[in-house]
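Examination of the molecular architecture
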Amino acid sequence: MLEREAAKYPFLTEAAKLVDALNLQLDDLASPAYEKVLDRAAERVVQAIEDGAVDDALDDYMTELLSFPIAVMFVSAKGEPFLNRRYALAEAVRVYFLLQDEERDKLAQIARDDFGWALKDSGERYDGVLHDFRLHFHDYLRSSSSFHEDKWKLVNRIVKNGYVLLTQREVARLIQGEAEILIKDRLKPVKINLPEPIQRRLDRVSKVFEENRTRLGGEGLPSEVINEAFPPCIRFCMEGLLAGRRASHMERFALTSFLVTVGMPLDSLVDLYTSVSDFDPAMTKYQVEHIAGVKGNRTKYTPPLCDTLRTHGICRNKDDICERIKHPLSYYRIKARRLAYQKPPLPPQASNITQQSQ
Amino acid sequence: MESDWGSPRFVAEQFHRWYQSNARAIPAPTEIKQREFAFLQFGGKTMFRHIGFPDELTFQRYLKDNGPAHSYHSSSYYQRPEADMAGKGWVGADLVFDIDADHFDLPCQHEHDTWKCKNCDEEGTGKHPEICKCGKAAFEEETWLCERCLQAAKHETQKLLDMLIQDLGFSPAGDLVVNFSGNRGYHVHVRSPRARDLDQSGRREVVDYILGTGLKAEYLGFNLRAKGGRSTLADEGWRGRAGRALYDYIASTPPEEIKALKLGRKITNLIVNERDKALTILEESHPSILLKAVDLSDDEKLMSDLSKLMEIAVKSQAADIDTVVTTDIHRLIRLPNTLHGKTGWQVQTIELDGLPDYDPMTSAIAFRSGEAKVYVRHAPKVRIAGAEYGPYTQEAVTVPMAVALFLLCKKGARIEP
């Protein structure tokens, strides 16, 4: 692989091989010769936090290539799931911009050779739009899994014989999606002692991250449970429960995981269930604790995405906030903030919005 | 004398006997070593789970020895199927679909299904309301079935198969297995490498595709800015289906029903008073022409009215599948060709070509000889193997074994000594 190509797409296996061949150690990187690389690595993460996109600085190929694994190390060292998502997306956006300038064949080559996609040529026109390619729906669903706009839903695509018709620009966007997944997979929590020059850059990254945390929605949840801020879907589940309607498994799961996550004590939750229906208290306690991650495989479940609730018919009575969010917890944060503004001004120490890890 | 409705001991004995002679004809699911199995016995409340079999013979011996009331296998493949959930090691799962007439709204349900409020004793036929007059929502239900429910389930299954084959490209010969569920519906299993490693979000998209959930007509030709000349009615996938759905809706919906939707004046006028014109446009021209024919300057209102229409219209083209079964990647599903403990019928694998003529109430009968005398507390009329039985109310009757077991499994009767 050419250095220029590797600098553009450093997350590809071939690019990683190029880096490995240099056999660089952490201490090597601490030497003044790599100042530029370290600075660019920190800059990548800072750009991700501040702008949501890493720029495509291609004036120095080696700096661009080597700074990527170091930036990945910075993000991994932070161990913040929210930063992981933001960084992976920002790097993927950079890729999307670079892909815009690539030839049709180059796109196809990355998709087929580097990602192993079943991508075929097409040339069909629908509604006056040329669809250059068709991609097997299996690859399409994976690479588009983080996209939430209606136009990417499979049901809104032309799907024939297993293949989804796509324009060239759409293929570039899907490569972005796949790149995001690949980069996210590389971000695994690590604990390492870094030599001073590297640690100094990481500290800078940390500072920028903390400054921007609240603005970017990576903040915690309100410290008290605010019933009035529940999204309409959760209210629907709650009202069903109170009326004694036999709730579907998904409804109960959505409600329980939501209430646990926003901080309702487990005992109150068990009381709530057993008081309104003939649930067996012991069984209910077990199930609630299972969802809370106290029992069983110790996974703490977070509530399902809006998309999931829609599939299962639980997304009801949407309002204006619903149009802006993809997750019921985001609704809860926004609504809680709104309610706090609407209340008569409180002295700062009485505000019920505090930082809390999620 | 057994006083329990359903006489579980008698039924268990019949099941056991059936498995004695038929177990060896029940094929094991593919890749048996990677599957989890689960069983329920008559009268038992605990499911025996996390069972694994090394080969077909061991599997058949289990059925023969235990004669279970309900038998399941995992749609998933595991490294260690016998471990608990955390230790199983998920490697993939078939894509499975469940179509069950229980979820449909059908006129025949008023003839054979009843409900009763647990709180105020209010009762009725068909499906129970969301919430009873008394404000509570807990009901006792009695559900039976008839040829019409089964026919409706088959119709949905055929629509599903059409999408799996034509749109998603699965091979009818190699990838798809269709089973009668043994009760009110059908199960479709997709076994393909392209389905196996789909994650939950991918499966959710497939579910939305099959149900038409989240469909926006503007991406399927109904777009004022779209250029292009031809009608979409013959197009593949949802592009064609959306056009046909709207066509059928306009052609067959009574004017009062359309007016009740309270759409804009101009669009209502076009599809009610100028219905033939609207239909001709859909048949001969690009859907954008239909939108232009509404002649409304407020595009946003036009598109929101269109999406209201579409939401209703697409139901006729969608296949009514259970959303949870398909998105669950650890699902247990009925083991094909075993017996269903709530009907006494066989869960039966059907050749795809044979589906149009398949009649479960003739083909899925497991108990083909002998008869039994039962006391029936209540049962609607049923048609089994071409003959009609019932309706029965508090009477003793002698009927063929298949009918007796059906009435017993439905808990509508008990063995008369």
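Keep in mind the model is a prediction, meaning the values are calculated, not measured.

Residue and element names in this part refer to chain B. Domains assigned within chain B are domain 1 (8–100 + 147–202 + 323–366), domain 2 (109–142) and domain 3 (217–316). Taking only C-alpha atoms into account, the centre of domain 1 sits 40 Å from that of domain 3. In this complex, domain 1 contributes four residues to the contact, which on the side of domain 3 involves five residues. When the two sides are added together, the surface that domain 1 and domain 3 hide from each other amounts to roughly 300 Å², 32% of it contributed by carbon and sulfur. When the buried surface of domain 1 facing domain 3 is broken down by residue, Lys 159, Met 163 and Asp 167 rank first, second and third, together holding 88% of it. Our count for the domain 1 to domain 3 interface comes out at two salt bridges. In this structure, Arg 241 and Asp 162 form a salt bridge, with 3.8 Å as the shortest nitrogen-oxygen distance. Counting the contacts that link domain 1 with domain 3 gives two residue pairs in polar contact (both at pLDDT 80 or more).

On to the pattern of salt bridges. Overall, the coordinates contain 55 salt bridges over all chains when judged by the stated rule. Across the pair Glu 274 of chain B and Lys 277 of chain B runs a salt bridge whose closest N-O atoms are separated by 3.8 Å. One network of salt bridges, in which partners are shared, links Arg 40, Glu 43, Arg 44, Asp 55, Glu 64, Glu 91 and Arg 94 of chain A.

Glancing now at the interface of chain B and chain A. Listed as interface residues are 48 residues of chain B and, on the opposing side, 34 residues of chain A. When the two sides are added together, the surface that chain B and chain A hide from each other amounts to roughly 3,500 Å², 54% of it contributed by carbon and sulfur. For the chain B face of the interface with chain A, the top three residues by lost area are Arg 194, Arg 204 and Tyr 219 of chain B, together amounting to 18%. Viewed at the interface, chain A and chain B are joined by six salt bridges. Remark: the boundary between chain B and chain A carries 16 residue pairs in polar contact (both at pLDDT 80 or more). Here the side of chain B that touches chain A gets eight residues from one element, more than from any other, and that element is helix H6 (residues 200–211) of chain B.

This brings us to the domain arrangement of chain A. Residues and elements named next belong to chain A. Under the domain assignment, chain A is made up of domain 1 (3–98 + 188–212), domain 2 (102–183) and domain 3 (227–350). Computed from C-alpha atoms alone, the centre-to-centre distance between domain 1 and domain 2 is 28 Å. Taken together, the contact pairs 14 residues of domain 1 with 13 residues of domain 2. Between domain 1 and domain 2, roughly 1,200 Å² of surface is buried when both sides are summed, and carbon and sulfur atoms account for 69% of that area. The largest contributions to the domain 1 side of the interface with domain 2 come from Phe 11, Leu 12 and Tyr 96, which together make up 42% of the buried area. Taken together, the links from domain 1 to domain 2 amount to two salt bridges. Here Glu 102 and Lys 8 are joined by a salt bridge, their closest N and O atoms 2.9 Å apart. Inspection of the region where domain 1 meets domain 2 yields three residue pairs in polar contact (both at pLDDT 80 or more). For the side of domain 1 that touches domain 2, the elements supplying multiple residues, two or more each, are helix H1 (3–8) and helix H6 (81–100).

Residue and element names in this part refer to chain B. Strand order in this open sheet of four strands is S2-S1-S3-S12, and the pairing throughout is antiparallel. At either margin of the open sheet sits one strand with a lone partner, and together these are strand S2 (48–51) and strand S12 (332–334). The average undirected angle you get between the axes of adjacent strands in this sheet is 25°.

Moving on, we get to the packing of aromatic side chains. Enumeration over the complete set of coordinates arrives at 27 aromatic pairs over all chains. Their ring planes at 35° and their centres at 6.2 Å tell us that Phe 82 of chain A and Phe 209 of chain A sit as a pair that is tilted. Pair noted here: Phe 82 of chain A is in helix H6 and Phe 209 of chain A is in helix H10 (residues 196–212), with a separation of 127 residues, a long-range link. A residue is classified by how much of its surface remains accessible, and Phe 209 of chain A, at 2% relative accessible area, is buried. Their ring planes at 85° and their centres at 5.2 Å tell us that Phe 230 of chain A and Phe 258 of chain A sit as a pair that is edge-to-face. Of the two residues, Phe 230 of chain A sits in the loop between H10 and helix H11 (232–243) while Phe 258 of chain A sits in helix H12 (residues 249–261), which places them 28 residues apart along the sequence. By the ring-pair criterion, three or more aromatic residues cluster together here, those being Trp 144, Phe 180, Tyr 186, Trp 345, Tyr 358 and Phe 406 of chain B. Over the face of the ring belonging to Tyr 77 of chain B we find Arg 196 of chain B, whose NZ or CZ atom lies 3.8 Å from the ring centre. The side chain of Arg 241 of chain B reaches across the aromatic face of Trp 238 of chain B, ending 5.3 Å from its centre.

You can see Ile 165 of chain B is positioned in helix H4 (residues 147–167). Ignoring any residue separated from it by four or fewer positions in sequence, one finds Ile 165 of chain B in contact with Asn 161 of chain A together with Phe 170, Pro 172, Leu 176 and Leu 352 of chain B.

Our next topic: H12 of chain A. Residue and element names in this part refer to chain A. Here H12 is 13 residues long and its end C-alpha atoms lie 18 Å apart, about the 18 Å a rise of 1.5 Å per residue gives. Where burial is concerned, most of H12 is hidden: eleven out of the 13 residues are buried. At the exit of H12 stands Gly 263, carrying a positive phi of roughly 105°.

Below, the discussion takes up unusual backbone geometry. Residue and element names in this part refer to chain B. Along the chain, Gly 390 connects to Pro 391 via a cis peptide bond; the corresponding omega equals 5°. Structurally, Pro 391 can be placed in the loop between strand S16 (387–389) and strand S17 (392–400). Phi at Glu 31 takes a positive value of approximately 50°, unusual for a residue other than glycine. As for its placement among the helices and strands, Glu 31 is situated in the loop between helix H1 (8–22) and strand S1 (37–40).

With that settled, the discussion passes to the nonpolar core. In terms of nonpolar packing, the biggest core is built from 184 residues, with Phe 74 and Tyr 87 of chain A together with Phe 97, Leu 164, Ile 210 and Val 374 of chain B touching the most fellow members. Broken down by element, the residue count for this core peaks at ten residues, all from H6 of chain A. With residues near it in sequence (within four places) discarded, Tyr 87 of chain A still touches Arg 44, Val 45, Ala 48, Phe 68, Ala 71, Val 72, Val 75, Ile 183 and Leu 187 of chain A. Phe 236, Leu 259, Val 262 and Leu 309 of chain A belong to the second-largest nonpolar core, a separate cluster that totals 32 residues.

What counts and what doesn't
- Residues numbered from 1 in each chain as written.
- Chains lettered and ligands numbered in written order.
- Predicted model: local features only at pLDDT ≥ 70, side-chain atom pairs only at ≥ 80, totals over all residues.
- Heavy atoms only, no water.
- Domains from an automatic or database assignment.
- Contact = heavy atoms within 4.5 Å.
- Buried area = accessible area lost by both parts, 1.4 Å probe.
- Salt bridge = Lys/Arg side-chain N within 4 Å of Asp/Glu carboxyl O.
- Polar contact = N/O pair within 3.5 Å; in protein donor to acceptor, adjacent residues only side chain to side chain.
- Helix = DSSP H or I, 4+ residues; strand = E, 2+ residues; numbered from the N terminus.
- Pairing = 2+ DSSP bridges.
- Axes fitted to C-alpha atoms, helices over the stretch in contact; angles between N-to-C directions.
- Phe/Tyr/Trp six-rings, centres within 6.5 Å; stacked < 30°, edge-to-face > 60°.
- Buried < 20%, exposed > 50% of the residue type's maximum accessible area, 1.4 Å probe, protein only.
- Lys NZ or Arg CZ within 6 Å of the ring centre and 35° of its normal.
- Expected span 1.5 Å × (residues − 1).
- Core = buried A, V, L, I, M, F, W, Y, C linked by side-chain atoms within 4.5 Å.

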